[in-house]
Amino acid sequence: MPSAIKRVKTGIPGLDGLMEGGFVQGSSYLVTGTTGTGKTLFACQFLWQGLQQGDPVVYITLEEDPVDIKEDAMLFGWDFATYEKKGLCKIIYHDPAQVNNLGTVMMSEIAALKARRLVIDSTAVMGLSLDTHAQVRRRVYGIINALKSHDGCTALIVSEIPEDSKALSRFGVEEFVVDGVIVLNYLGIGEAYNRSLVIRKMRRTNHGKDVYPFEIAGRGIIVKKPEM
Ligand SMILES: Nc1ncnc2c1ncn2[C@@H]1O[C@H](COP(=O)(O)OP(=O)(O)O)[C@@H](O)[C@H]1O
Ligand SMILES: [Mg+2]
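An account of the accompanying structure is given in this report. (Residues numbered from 1 in each chain as written. Chains lettered and ligands numbered in written order. Predicted model: local features only at pLDDT ≥ 70, side-chain atom pairs only at ≥ 80, totals over all residues. Heavy atoms only, no water.)

**Focus on the sheet that holds strand S5 (residues 89-93)**
To keep it simple, the criterion reads: Any two strands are treated as partners once DSSP identifies two or more bridges connecting them. Working definition: helices are DSSP H or I runs of at least four residues, strands are E runs of at least two. Numbering for both runs from the N terminus. Angles here are taken between N-to-C directions and fall from 0 to 180 degrees, while the axes themselves are lines fitted to C-alpha atoms, restricted in helices to the stretch in contact. Here a residue-residue contact requires only that any non-hydrogen atoms of the pair lie within 4.5 Å.
The sheet built from 9 strands is open, its strands ordered S5-S4-S6-S7-S3-S8-S9-S10-S11 with mixed pairing. Looking at the sheet topology across the chains shown, the edges are occupied by S5 and strand S11 (220-223). Each strand of the sheet is rotated relative to its neighbour by a mean of 20°, with strand direction disregarded. Bridge count between strand S3 (residues 28-33) and strand S7 (residues 154-158): 4 bridges; the pairing is parallel. By the bridge assignment for S7, Leu 30 is matched with Ile 157. On the sheet, helix H1 (residues 39-52) packs against S3, strand S4 (57-61), S5, strand S6 (117-121), S7, strand S8 (180-186), strand S10 (212-217) and S11 and is oriented at approximately 165° with respect to S6. Against the sheet, helix H2 (residues 66-74) contacts S4 and S5, and its axis sits at roughly 130° relative to S5.

**A short note on the pairing of S3**
Short version of the rule: Three exposure classes are used, based on accessible area relative to the maximum for each residue type with a 1.4 Å probe and protein chains only: buried under 20%, partly exposed in between, and exposed over 50%.
Of all 6 residues that make up S3, 6 are buried, and the element is covered over most of its length. Going residue by residue along S3, you find Ser 28, Leu 30 and Thr 32 tucked away on one face and Tyr 29, Val 31 and Gly 33 tucked away on the opposite face as well.

**Concerning the packing of aromatic side chains**
Stated formally: Note on aromatic pairs: the rings of Phe, Tyr and Trp (six-membered ring only in Trp) are paired at centre separations within 6.5 Å, and the planes decide the class, stacked below 30 degrees, edge-to-face beyond 60, tilted for the rest. We count a charge as sitting over a ring when the NZ of a lysine or the CZ of an arginine lies within 6 Å of the ring centre and within 35 degrees of the ring normal.
Inspection of the entire model under this criterion finds 5 aromatic pairs. Between Phe 23 and Tyr 29 the ring centres are 4.0 Å apart and the planes differ by 15°, which places this aromatic pair in the stacked class. In terms of burial, Phe 23 and Tyr 29 fall into one category: buried. Aromatic side chains Phe 76 and Trp 78 sit 5.0 Å apart centroid to centroid with 25° between the ring planes, which places their arrangement in the stacked category. Since its relative accessible area comes to 4%, Trp 78 is described here as buried. Pairwise contacts between aromatic rings join Phe 23, Tyr 29 and Phe 46 into one cluster. For Lys 86, the ring lying beneath its charged end belongs to Tyr 83, and the centroid distance is 4.7 Å.

**With respect to the side chain of Ser 28**
Inspection of the secondary structure puts Ser 28 in strand S3. Excluding residues within four positions of it along the chain, Ser 28 makes contact with Ile 144, Leu 147, Lys 148, Ala 155, Val 178, Asp 179 and Gly 180.

**With respect to the site of ligand 1**
Basically, it comes down to this: By convention in this text, a residue qualifies as near a molecule or strand provided that one of its non-hydrogen atoms is within 4 Å of it. The term polar contact refers here to a pair of N or O atoms within 3.5 Å; inside protein, the definition further demands a hydrogen-donor-capable atom paired with an acceptor-capable atom, and it admits residues adjacent in sequence only when both atoms are side-chain atoms. Exposure was quantified through the Shrake-Rupley algorithm and a 1.4 Å probe, taking into account, for residues, occlusion by the shown protein chains and nothing else. Any residue outside Ala, Val, Leu, Ile, Met, Phe, Trp, Tyr, Cys, Pro, Asp, Glu, Lys and Arg is labelled polar, Gly included; the first ten of those are nonpolar and the last four are charged.
Every residue near ligand 1 is listed here: Thr 35, Gly 36, Thr 37, Gly 38, Lys 39, Thr 40, Leu 41, Phe 76, Arg 195 and Ile 216. Separating an oxygen atom of ligand 1 from a side-chain N or O atom of Arg 195 is a distance of 2.6 Å. In the complex, the protein chains occlude 59% of the 580 Å² of accessible area that ligand 1 would expose alone. Ranked by residues supplied to the shell around ligand 1, first place goes to H1 with 3 residues. Broken down by class, the residue content of the shell around ligand 1 amounts to 3 nonpolar, 5 polar and 2 charged.

**Considering the layout of surface pockets**
Quick reminder of the rule: Think of a 1 Å grid over the protein atoms and nothing else: a 1.4 Å probe that fits but is trapped marks a cavity, an open set flanked by protein within 12 Å on at least five of seven lines marks a pocket, and residues with an atom within 4 Å of a point count as lining. Grid points are joined across faces, edges and corners, and a volume is the space filled by probe spheres set on the points.
Each pocket or cavity is described by its volume, and for the largest pocket that value is around 160 Å³. Every residue lining the largest pocket is counted, 13 residues in all, and those nearest its centre are Ile 161, Ser 165, Val 183, Leu 184 and Asn 185. It is S8 that provides the largest number of residues to the lining of the largest pocket, a total of 4 residues.

**Examining helix H4 (residues 102-113)**
Worth spelling out the cut-off: One less than the residue count of a helix, multiplied by 1.5 Å, gives the span that helix is expected to have.
Counted at 1.5 Å a residue, the expected span for H4 with its 12 residues is 16 Å, and the 17 Å between its end C-alpha atoms agrees. Against S4, S5, S6 and helix H5 (133-148) lie the buried residues of H4. Of the residues trailing H4, Lys 114 is marked for its positive phi of about 55°.

**Let's talk about the pairing of S4**
The element S4 is extensively covered by neighbouring structure, given that 5 of its 5 residues are classed as buried. Neither face of S4 is open: one carries Val 57, Tyr 59 and Thr 61, the other Val 58 and Ile 60, and all of them are buried. Summarising the sheet, S4 and S5 pair through 5 bridges and their orientation is parallel. Bridge pairing in S5 links Val 57 to Cys 89. Bridge analysis of S4 against S6 gives 5 bridges, and the strand direction is parallel. In the sheet register, Val 57 faces S6, and the bridge partner there is Arg 117.

Here is the structure:
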């Protein structure tokens, strides 16, 4: 019975309406795009929405310093530090050279906070510590599968599309394991709506199929109606 599906609000105005009200609770999603398309911002906005609803959240960053993430988020008015002090939020740096224990760290942090939202940003650097793409694929596959066994926590995995690539992720495994894929685009020309988003896959969801322009405003990402 489809009525058993619980939806999780992304916190991104204009997006939930394109996918039956939001992500499916407990599922894992990929947000991908080339560099500078807004993936980290999307991830922060998703976690901030969780905190506003009382959901504990965990952010595992393999790239940026947690201090920088918090400072950037403050520009949008998202004060993660206050929630960290209350024990409702944890932003952790995980050395990409130690990717072998990422799954264990992730599951124990989710358990410790009773987290209902998780971000991993990003899988693109996981290759730094592993010798072959096959090893990375196995690792990414293992991590996402571990998340799937956890019904209460909705996860957002950030990956990266290499410039001029038709792939959806760095290692070509992320998009197959997750329940949904959102691609962020940036056309470095013109002013209005040079950013757009496509929902490439969304299991158990009748989702919008257009290219949706979005803007980054004072409150974060806002998705607009498709251009005719
Ligand atoms: N305060 C802001 N106001 C407007 N645009 C911003 C702001 N902060 C970041 N951006 C835009 O978002 C882009 C970076 O977003 P980010 O989420 O870090 O990208 P990614 O993680 O995909 O590399 C920047 O290149 C900039 O264009
Ligand atoms: Mg980023």
